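# Chain and residue survey
Here are the chains, one letter per residue:
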Amino acid sequence: MRLLLLACLRAQTGNATTAARIQNHLHAAGHICVLKDAFMYESPTEIANLASADKFDAALAIHLYKGGRLLQGSRIPFGIIFGGTDVNEDTKCEEKHRVMGAVLGEARFAVAFTVKMKELAAAEWPDARKKIHVQAQGIKTTPSETFDWYRFLQNADWHRRDPSVHLGIIGPAVDPLFTSEVKEKVKRAPGVHLLQEVPQDDLHAAMKRCFAVVNSSISEGMSAAILEAMDLDIPVLARNILGNAAIIKHKETGLLFSDPQEFVVLSESLMNDPIMEREIVTRAKDYVKKHHSWESERKAYQNLVLRLQ
Ligand SMILES: *[C@@H]1O[C@H](CO)[C@@H](O)[C@H](O)[C@H]1NC(C)=O
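Residues numbered from 1 in each chain as written. Predicted model: local features only at pLDDT ≥ 70, side-chain atom pairs only at ≥ 80, totals over all residues. Heavy atoms only, no water.

## Here's the deal with the pattern of salt bridges
Under the criterion given, the structure shown has 7 salt bridges. Of the charged contacts, one joins Lys 92 and Glu 89 as a salt bridge, the two residues approaching to 3.4 Å between their closest N and O atoms. The exposed category is assigned to Lys 92, whose relative accessible area is 64%. For Arg 98, the salt bridge goes to Glu 95, with nearest N and O atoms at 3.0 Å. Residue Arg 98 and its partner Glu 95 are located together in helix α4 (residues 94-106), separated by 3 residues, close to a single helical turn. Here Glu 95 falls in the partly exposed class, since its relative accessible area comes to 43%. (Salt bridge = Lys/Arg side-chain N within 4 Å of Asp/Glu carboxyl O. Buried < 20%, exposed > 50% of the residue type's maximum accessible area, 1.4 Å probe, protein only. Helix = DSSP H or I, 4+ residues; strand = E, 2+ residues; numbered from the N terminus.)

Now the structure itself:
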């Protein structure tokens, strides 16, 4: 099959990584899967033209609104993969809610990463319940072997600072206003460094050199970075919010904190208790292997797209 996959392809973000993974799964089954950035298109008509000009047999979209809306009224069959903010945020807007309902109605199947996400979506659009599959994100880490850790640190101006404990914040600057606020704060926070995004394999190599991975997000989602850290045998300290608590059991597969004080206490206990650290890391790795299997994800998508024939 010749498949079109629409997603927000901004480099080094969660959706782009998921899109690349799904593309890889479909190529492995002998399909052709072409990724297109949803931001480059405005209307379903443009996608309809693209689909007929490029002779696509079927389509997939990540995010029921950002990608899905472009498939409304599509002549080729399609499936949807929920993005997270579609169900969590965009449902609050009446117009988006209506569009997403229509798109979901037309989709042959939809994929939610968690049971909870499926339940949220099914509560909004009860008729679609039966077509929503739950398939967790598959995790496979590939730390690059040639990664230059010392160059990476130098870029962070690390060498001039106190060499004990450091917090590196890494990732693309998506929101310019927020980025400038963060930059301001970081300037006044010794030991905290803003690092530019690097290719995923390098990021994995860098993570392997860290003592722990921290997620202090206050907005809900599903963190592939946390799952990758678990796969890389790195302990995770994460804020106790629903999205993080869904993948971390406190003191079993990671540590959950609710405020800065608790963060400090838990970090110190992790540093001072190598046995606890070892146990957490081992259980976390088992959890990822069992519940975020890359092979199961591959099989699931390879089977699902057969419904688009
Ligand atoms: C942090 O966690 C939130 C909630 O689970 C998630 O949306 C976000 O992508 C995570 N970020 C990182 C870098 O782990």
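## Points about a nonpolar patch on the surface
Among the surface-exposed residues, Leu 167, Ile 169, Leu 194 and Val 214 lie close enough to one another that they form a single nonpolar patch of about 260 Å² accessible area. With respect to the helices and strands, Ile 169 occurs in strand β7 (residues 167-170). Residue Ile 169 is classed as partly exposed on the basis of its relative accessible area, which comes to 33%. (Patch = residues over 30% accessible without salt bridge, like charges linked within 9 Å, V, L, I, M, F, W, Y side chains within 5 Å. Areas by Shrake-Rupley, 256 points an atom, 1.4 Å probe, with all protein chains shown as cover.)

## Digging into the packing of helix α9 (residues 224-231) against helix α12 (residues 274-291)
At a minimum axis distance of 8 Å, the contact between α9 and α12 shows a crossing angle of 115°. As α9 packs across α12, the resulting crossing turns out to be left-handed. Every residue of α12 that contacts α9 at Leu 227, Met 230 and Asp 231 is listed here: Ala 284, Lys 285, Tyr 287 and Val 288. When its residues are assigned to classes, the contact of α9 with α12 shows 5 nonpolar, no polar and 2 charged. (Axes fitted to C-alpha atoms, helices over the stretch in contact; angles between N-to-C directions. Left-handed = near helix turned anticlockwise from the far one by under 90°. Contact = heavy atoms within 4.5 Å. Nonpolar A, V, L, I, M, F, W, Y, C, P; charged D, E, K, R; others polar.)

## As for the packing of aromatic side chains
For the structure shown, the criterion picks out 1 aromatic pair. Residues Phe 257 and Phe 263 carry aromatic rings whose centres are separated by 5.0 Å and whose planes lie at 70° to one another, so their mutual orientation is edge-to-face. Against the face of Tyr 65 rests Lys 96, its NZ or CZ located 5.2 Å from the ring centre. Here the guanidinium or amino end of Lys 140 rests over the ring plane of Trp 294, the centre of that ring lying 3.4 Å away. (Phe/Tyr/Trp six-rings, centres within 6.5 Å; stacked < 30°, edge-to-face > 60°. Lys NZ or Arg CZ within 6 Å of the ring centre and 35° of its normal.)

## A word on the side chain of Asn 215
Checked against the element boundaries, Asn 215 lands in strand β9 (residues 213-215). Looking at Asn 215, the relative accessible area reads 15%, which means it is buried. Within polar-contact distance, the side chain of Asn 215 engages the side chain of Asn 244 at 3.4 Å. Each residue touching Asn 215, except ones within four places of it in the same chain, is listed here: Ser 223, Ile 226, Leu 237, Ala 238, Arg 239, Asn 244 and Phe 257. (Polar contact = N/O pair within 3.5 Å; in protein donor to acceptor, adjacent residues only side chain to side chain.)

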